[in-house]
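# Examining the three-dimensional arrangement
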Amino acid sequence: AKGAGKNQVTVYTDRLRSERQDYAQTVAGLRRALKDDGFVLHYQPLVELATGAVRGVEALLRWTPPGQRPVPPDAFIPIAEQSGLIGAIGDWVLRRACTEARPWYEQHGTTVSVNVAGPQLRDPGFPDTVLQVLHDTGLPPRALTLEITETDLVATTMAEADEVVARLVKIREWGVRVAIDDFGTGYSSLSYLRQLPVDILKIDRAFIPPDRGDAGFRPDDLTLTRAIVDLGASLRLTTVAEGVETAGQAELLRRLNCSLVQGYHFYRPMPALELAAVLTGPVAV
Ligand code: C2E
Ligand code: CA
Ligand code: CA
Ligand code: CA
């Protein structure tokens, strides 16, 4: 038993060491990607349920280090935030998304949504960055949506949260829209939501009921979905359901009067060239 205890300590310190190495390697890799144009954006359509038309796209960051497999954003975004690289990466994402989306907006009226991380929002220079990028790329403000999470708003001090809200109010005055991402997974109170300068509620896929096929949806599973869609409507927000994977789920959300959906049932995230072909093609449903 004595030997086993020592062994555990060794395993533990080995793991700490290798996690530290992973972290350092990821940070170095992200720095390199920024320098060598190593990132790309994929775009996932937001589909209007009533018509099947693509109304917008969400830009999603992709990183494949040279000679390696793609690293999922859930694995590297937190490291980008911790290391302070998220500012530069976020700027790159915003600029690239606005550049690529301009012809889509001009030709098809398609808007673009960009994910914004907490540290970007807490940067007093963020509104100026947005204005500069819109100016440089020629994308009209109404063609841009910024996606922020509840958690990023709440995980700050009250004073900081007030400053973030003031920044969003300013950006929204230019016509840029703001979406609350992953809605329902954070801890913001409903009264707080009412005060937030937002236009769009994105319902996290955790609240999309599992499709049990012929067994139908379980009534209990629908309660929260319906409540969130109705909440969005009563606050006069556009509701977007994420993670719609089946025709049954799409039909259910249509019945619940959810306006937009996003998910593998319609489209997976795809490179800009593929998206351009989708936009010129026939509608999805
Ligand atoms: P998110 O903002 O909630 O993005 C939606 C995620 O759901 C994407 O994962 C998308 O590929 C995935 N998804 C879409 N439809 C379906 C579906 O039908 N089923 C399932 N199971 N998943 C679906 P992805 O691209 O891996 O991104 C993960 C997260 O990484 C994003 O979640 C977002 O929080 C973050 N992220 C991605 N790109 C950026 C970025 O440019 N900046 C920042 N700050 N975060 C980003
Ligand atoms: Ca998002
Ligand atoms: Ca989301
Ligand atoms: Ca998410």
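Everything below is about the structure printed above this text.
Anyway, here's the lowdown on the structure attached to this text. Since this is a predicted model, take the numbers as computed values, not measurements.

## Observations regarding the overall build of the protein chain
In terms of helices and strands, the protein chain carries 11 helices and nine strands. Projecting the C-alpha coordinates of the protein chain onto the three principal axes gives extents of approximately 65 × 50 × 45 Å. The buried share of the protein chain, taken over its 285 residues, is 44%. Expressed as a percentage of contacts within the protein chain between residues at least 6 apart in sequence, the contacts between residues at least 24 apart total 68%. Accessible surface, the protein chain: about 15000 Å² in total, of which carbon and sulfur atoms supply 52%.

## A word on the pattern of salt bridges
Here the structure, examined in full by the defined rule, presents 12 salt bridges. Across the pair Arg 17 and Asp 14 runs a salt bridge whose closest N-O atoms are separated by 3.3 Å. Of this pair, Arg 17 and Asp 14 are both found in helix α1 (residues 2-35), three residues apart, which corresponds to roughly one turn of the helix. Judged by its relative accessible area of 45%, Arg 17 is partly exposed. With relative accessibility at 39%, the residue Asp 14 sits in the partly exposed group. As a salt-bridge pair, Glu 251 and Arg 254 come within 2.8 Å of each other at their nearest N and O atoms. Of this pair, Glu 251 and Arg 254 both sit in helix α10 (residues 247-255), separated by three residues, roughly a single helical turn. Residues joined by salt bridges that share partners form a network here, namely Glu 58, Glu 147, Lys 202 and Glu 242.

## Comments concerning the packing of aromatic side chains
Under the counting rule described, the total for this entry stands at five aromatic pairs. Between Trp 63 and Phe 76, the ring centres sit 5.4 Å apart and the planes meet at 80°, which makes this aromatic pair edge-to-face. Residue Trp 63 is found in strand β2 (residues 54-63), and its partner Phe 76 is found in helix α2 (residues 73-83); the two are separated by 13 residues along the sequence. A relative accessible area of 0% means that Phe 76 is categorised as buried. Taken together, Phe 39, Trp 63, Phe 76 and Trp 92 form an aromatic cluster joined through their ring pairs. One Lys or Arg, Arg 268, reaches over the ring of Tyr 264 and ends 3.8 Å from the middle of that ring.

Cut-offs used in this document
Residues numbered from 1 in each chain as written. Chains lettered and ligands numbered in written order. Predicted model: local features only at pLDDT ≥ 70, side-chain atom pairs only at ≥ 80, totals over all residues. Heavy atoms only, no water. Helix = DSSP H or I, 4+ residues; strand = E, 2+ residues; numbered from the N terminus. Buried < 20%, exposed > 50% of the residue type's maximum accessible area, 1.4 Å probe, protein only. Contact = heavy atoms within 4.5 Å. Areas by Shrake-Rupley, 256 points an atom, 1.4 Å probe, with all protein chains shown as cover. Salt bridge = Lys/Arg side-chain N within 4 Å of Asp/Glu carboxyl O. Phe/Tyr/Trp six-rings, centres within 6.5 Å; stacked < 30°, edge-to-face > 60°. Lys NZ or Arg CZ within 6 Å of the ring centre and 35° of its normal.

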